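Secondary and tertiary structure notes
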Amino acid sequence: MNDLAHWLDHQLQESAPEATLSRSFGGRNVLLRGDDFEELQQISWALGEASAIARKPSVELRVLGEVLRTAPIPDENAVGPYGVVLTLEGTGWRACVDVDEGRLLAYHAASRVALSAALIPEAPRHRSEFGRTLLHWLATDDGNLVVHAGAVGRAGKAILFIGPGGAGKSTFVRVAVGAGATFLGDNALEVSFEGDGVATWGVYGSLKVRPPLVLPDAVALGNARHDADIGKDLYDMAAYASLGEPHAACSLVALSADGPRELTPLGRGAALFALGPSTMVQFPLYGPEVFAACGQLVRSLDCWSLGQLDTVEDHGRILERLLG
Amino acid sequence: MPERYELSAPEVIADLIDGEAVAIDLTTGHYHRLRGASAEVWEALIRGATEEEILASAAGPIDPKSLSDFVVSLCEESLLRERSSIDPVAVPAWEPGMLELESFVDLEDILGIDPIHEVDPDRGWPHAPDA
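Residues numbered from 1 in each chain as written. Chains lettered and ligands numbered in written order. Predicted model: local features only at pLDDT ≥ 70, side-chain atom pairs only at ≥ 80, totals over all residues.

Summing up its helical and strand segments, chain B has four helices and six strands in all. Helices and strands in chain B line up, N terminus first, as β-β-β-β-α-α-α-β-β-α. For chain B, the proportion of its 131 residues judged to be buried stands at 37%. For chain B, long-range pairs separated by at least 24 residues make up 65% of all intrachain contacts whose partners lie at least 6 apart in sequence. (Helix = DSSP H or I, 4+ residues; strand = E, 2+ residues; numbered from the N terminus. Buried ≥ 20, exposed ≤ 12 C-beta atoms within 10 Å, placed from the backbone. Contact = placed C-beta atoms within 7 Å.)

In structure tokens, the structure reads:
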């Protein structure tokens, strides 16, 4: 066994951080543990705002501190695409490292414990890059898929919205939530396959919209804070979200700027074309598995094409047709 | 040119649903779309059918050169490789139409980059530097 695997085993046994936070992350309960409560709050922001839940955690994320300086992080030659440490294969661990920045995310699947550490303080959105990787690993281990899509639900049913940036996913989600739908996500969603059906789980509890608002006359969702780095307003959607409860996906709507003004049936191959590559670039690693799961997803749903709509009423009409 | 082909797996992944195929080359980040007659011919090719077998099953007239050019385009994108077996393949009747490989390279910088070391330092994954 290699040095890094030994070091990770030791941390798994010895690390016993004091402070804890619990978050809902996809369809599972994540326990965050560390020595610094402020640090945990920063990371929980990156994972997504969500209400704390008391159930037994399905994964534990331990945040390590200065001890990372003792880690035998491999040189560049041992790191493959996406920063994956190749030499850990067969040790029970998987890990991503950033050699230059001294960042590490490691996951021990058998015990469902993840270790995360950074020698240089990072902005939350940078932490979220590793958080996203963890979410992706967990979903894949569970046979699920993290998909590049927005979604809203009502009465246990969900509509998924896919499309490139600027296609209108966030606008449709914002207008639908303003009309009473449940927020499931504007850009990322975990789905699980159950028989012939698909259950969807919200992941991140924030909605990101690039100002100025399209359709400003929709119901307001409260105050947003502006993130200048990404040029978007961030809305806390905790009051509108259902992050720990699944909704049964029934429809997938592919949005595009030049699409039809009415819901138009979309071939599932076309839906896969819109969803597969886009999801693979949002959630790297396991490309073949992700692509196959995207195929399974579109085969399970009614697929539609839709262009950008002019009014809140038009959005409401589509919502009623699909969820009514 | 080889007689029979197969998908260049695992470097290339592909799926065909409702008469439309999507293929992604994980090494280049190029992704491709095949529709209509192109998808039917694609399916026959990756099952190992020869050009002759595909021509013989066409339900209407087809220019053999258009099929050959199509096969060449698939090979140039490294989507197909030579198949070792020589077993004949039964090809369902198909309606000839324009044979076209629609190729997209807009994600190659993303599908091909290392999201830890090769991303925009301010915006993070999935933004490539200077994207």
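Glancing now at the nonpolar core. Among the nonpolar cores identified, the biggest contains 120 residues, and A:Val152, A:Leu160, A:Phe161, A:Ala254 and A:Ala271 are the most heavily contacted of them. Excluding anything up to four places from it in sequence, A:Leu160 contacts A:Ala149, A:Ala151, A:Leu189, A:Thr200, A:Ala249 and A:Leu252. (Core = buried A, V, L, I, M, F, W, Y, C linked by C-beta atoms within 7 Å.)

Okay, the confidence of the model for chain B next. Per-chain confidence: chain B averages 87 in pLDDT, with 81% of residues scoring 70 or above. In the model output, the complex is listed with pTM 0.83 alongside ipTM 0.83. (pLDDT = per-residue confidence, 0-100.)

So, on to unusual backbone geometry. Put simply, A:Pro211 and A:Pro212 share a cis peptide bond, and its omega is 0°. Inspection of the secondary structure assignment puts A:Pro212 in the loop between strand E13 (206–209) and strand E14 (224–227). A positive phi is found at A:Arg112, a non-glycine position, where the angle reads about 55°. Along the chain, the position of A:Arg112 falls in the loop between strand E5 (103–108) and strand E6 (113–118). Here A:Arg112 falls in the partly exposed class, since 16 other C-beta atoms lie within 10 Å of it. In this structure, B:Ser78 takes a positive phi of about 60° despite not being glycine. In this fold, B:Ser78 is placed in the loop between helix H3 (64–76) and strand E5 (80–82).

All names here are of chain A. With twelve residues, helix H1 (residues 3–14) should cover 16 Å at 1.5 Å per step; its first-to-last C-alpha distance of 16 Å lies within 8% of that length. Residues Leu4, Ala5, Trp7, Leu8 and Gln11 constitute the buried set of H1. The arc that holds the buried residues of H1, viewed along the axis, is 160°, so those residues lie on one side. For H1, the exposed residues set more than 90 degrees away from the buried face come down to Asp3, His6, Gln13 and Glu14. Check the buried side of H1 and you find it contacts strand E4 (93–98), E5 and E6. (Expected span 1.5 Å × (residues − 1). Arc of directions from axis to C-beta.)

Residue and element names in this part refer to chain A. As summarised here, the arrangement of the six strands in space is E1-E2-E3-E6-E5-E4, forming an open sheet in which the pairing is mixed. A strand with exactly one partner marks an edge of an open sheet, and here the two such strands are strand E1 (19–25) and E4. Across the sheet, the mean angle from the axis of one strand to that of its neighbour is 15°, orientation sign disregarded. Of the pairings in the sheet, the one linking E1 to strand E2 (residues 28–34) comprises seven bridges and is antiparallel in character. From the neighbouring strand, Ala19 faces E2, where its bridge partner is Gly34. Where H1 meets the sheet, it contacts E4, E5 and E6, and its direction lies at approximately 105° from that of E6. (Pairing = 2+ DSSP bridges. Axes fitted to C-alpha atoms, helices over the stretch in contact; angles between N-to-C directions.)

Let us now look at the environment of A:Leu309. Residues and elements named next belong to chain A. Relative to the helices and strands, Leu309 resides in the loop between strand E18 (302–306) and helix H7 (312–323). Residues Leu309 and Phe172, spaced 137 residues apart in sequence, show a C-alpha to C-alpha distance of 9.0 Å. Sequence-distant contacts of Leu309, defined by excluding residues within four places in its chain, comprise Asp314 and His315.

So, about the sheet that holds strand E4 (residues 31–35) of chain B. An order of E2-E3-E4-E6 (chain B) is seen for the four strands of this open sheet, with the pairing classed as antiparallel. What marks the edges here is a single partner per strand, and that holds for strand E2 (12–17) and strand E6 (102–104) of chain B. Adjacent strand axes in the sheet meet at a mean angle of 15° when their direction is disregarded. Bridging between strand E3 (residues 20–25) of chain B and E4(B) involves five bridges; their strand directions are antiparallel. Within the sheet, the bridge partner assigned to B:Ala21 lies in E4(B) and is B:Leu34. In the packing of helix H6 (residues 287–300) of chain A onto the sheet, contacts are made with E2 and E3 of chain B, and the angle to E2(B) comes to roughly 5°. Here helix H1 (residues 37–46) of chain B sits on the sheet in contact with E2, E3 and E4 of chain B, set at roughly 110° to E4(B).

The next thing to look at is the environment of A:Arg28. All names here are of chain A. Its place among the elements puts Arg28 in strand E2. Remark: the alpha-carbon pair of Arg28 and Leu297, spanning 269 residues in sequence, is separated by 20 Å. Residue contacts for Arg28: discarding those within four places in its chain leaves Ser58, Val59 and Leu138.

Turning next to H1(B). Residues and elements named next belong to chain B. Buried residues dominate H1, accounting for nine of its ten residues. Of all the positions in H1, only Ala37, Ser38, Ala39, Glu40, Val41, Trp42, Ala44, Leu45 and Ile46 are classed as buried. Backbone geometry just after H1 places Gly48 at a positive phi near 105°.

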